[in-house]
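Structural features, examined
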Amino acid sequence: MGWTIRALKASDLDAAHALRHDALRDAPTAFGSSPDDALESRASWADLLAGGRVFAGFDDTAILRGMAALGLNDRAKTRHRARMWGVYVAPAARGHGLAQALVAHVVAEARGRAEWLDAAVAADNAAAIRVYEAAGFTRYGTEPAGHKVDGTDIDLHLMTLRL
């Protein structure tokens, strides 16, 4: 299966917002947001898309199947570090290389903009950990109870890639 990876734009808002809400429902332990958070509103997502740093994978029928985002720091002391966040692939598209393609795209976008690319991944998400490690990320620590979902503590592995 071939993938087209590109930055999302304003015309993608409905599809991107729907996929993000699917992600938050499908994998609640994988994200720091929940569907009810104010940052998940359509207006917030419109602002995110305007920044040009939310990337999507489309299948050969132009259906949005996955997303990943690049967060850049604008403060002098932290602008050497960037963050990959919101990586998600819809269940129907898993196992076909889309996660790897999205991560590779974010890595390429971060090069020249930062020296390090950081990510946090739920400690029990073995598939995501494998994708990040295959891209060259290494784990440098674990944040105990980084997320709490329905009263359950979720540890987060902190990972980084020297660009």
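About the cut-offs
- Residues numbered from 1 in each chain as written.
- Predicted model: local features only at pLDDT ≥ 70, side-chain atom pairs only at ≥ 80, totals over all residues.
- Heavy atoms only, no water.
- Buried < 20%, exposed > 50% of the residue type's maximum accessible area, 1.4 Å probe, protein only.
- Helix = DSSP H or I, 4+ residues; strand = E, 2+ residues; numbered from the N terminus.
- Pairing = 2+ DSSP bridges.
- Core = buried A, V, L, I, M, F, W, Y, C linked by side-chain atoms within 4.5 Å.
- Contact = heavy atoms within 4.5 Å.
- Axes fitted to C-alpha atoms, helices over the stretch in contact; angles between N-to-C directions.
- Polar contact = N/O pair within 3.5 Å; in protein donor to acceptor, adjacent residues only side chain to side chain.

1. Focus: the pairing of strand 3 (residues 64–72)
- The buried fraction of strand 3 is high, at 7 of 9 residues.
- Strand direction decides the pairing type here: strand 2 (residues 54–58) and strand 3, joined by 5 bridges, are antiparallel. Paired with phenylalanine 55 across the two strands is alanine 68, which belongs to strand 3.
- Inspection of the sheet shows strand 3 paired to strand 4 (residues 81–89) by 6 bridges, in the antiparallel sense. Considered in strand 4, the bridge of glycine 71 is made with arginine 83.

2. Let's talk about the nonpolar core
- Counting residues in each nonpolar core, the largest one holds 26 residues, and the members touching the most others are Leu70, Met84, Val103, Val106, Leu117, Tyr132 and Phe137.
- Counting only elements with at least two residues in this core, the list comes to strand 3, strand 4, helix 3 (98–110), strand 5 (116–122), helix 4 (126–134) and strand 7 (152–162).
- No other element matches helix 3, which puts 6 residues into this core.
- Beyond its immediate stretch of four places on either side in the chain, valine 103 contacts Met84, Val87, Val131, Tyr132, Ala135 and Phe137.
- Ranked by size, the runner-up nonpolar core spans 19 residues in total, among them Leu13, Leu24, Phe31 and Leu64.

3. Some points on the sheet that holds strand 6 (residues 138–149)
- Pairing is mixed in the open sheet, where 7 strands are placed in the order 1-2-3-4-5-7-6. Each edge of the sheet is formed by a strand with only one pairing partner; in this case those strands are strand 1 (4–7) and strand 6. Sheet twist, expressed as the average angle between the axes of neighbouring strands with direction ignored, equals 25°.
- In this fold helix 1 (residues 13–26) packs onto strand 3 and strand 4, with an angle of close to 90° to the strand it touches most, strand 3.

4. A few points about the environment of valine 106
- Relative to the helices and strands, valine 106 is located in helix 3.
- In this structure the C-alpha to C-alpha distance between valine 106 and phenylalanine 55, which are 51 residues apart in sequence, comes to 7.6 Å.

5. Side note on the side chain of threonine 160
- In this structure, threonine 160 sits in strand 7.
- One polar contact links threonine 160 to aspartate 118, side chain to side chain, over a distance of 2.7 Å.
- When residues no more than four places from it in sequence are discounted, the contact partners of threonine 160 are Arg81, Trp116, Leu117, Asp118, Gly136, Phe137, Thr138 and Tyr140.

6. Describing the environment of aspartate 14
- Here aspartate 14 is to be found in helix 1.
- Sequence-wise, aspartate 14 and alanine 134 are 120 residues apart; in three dimensions their C-alpha atoms are separated by 32 Å.

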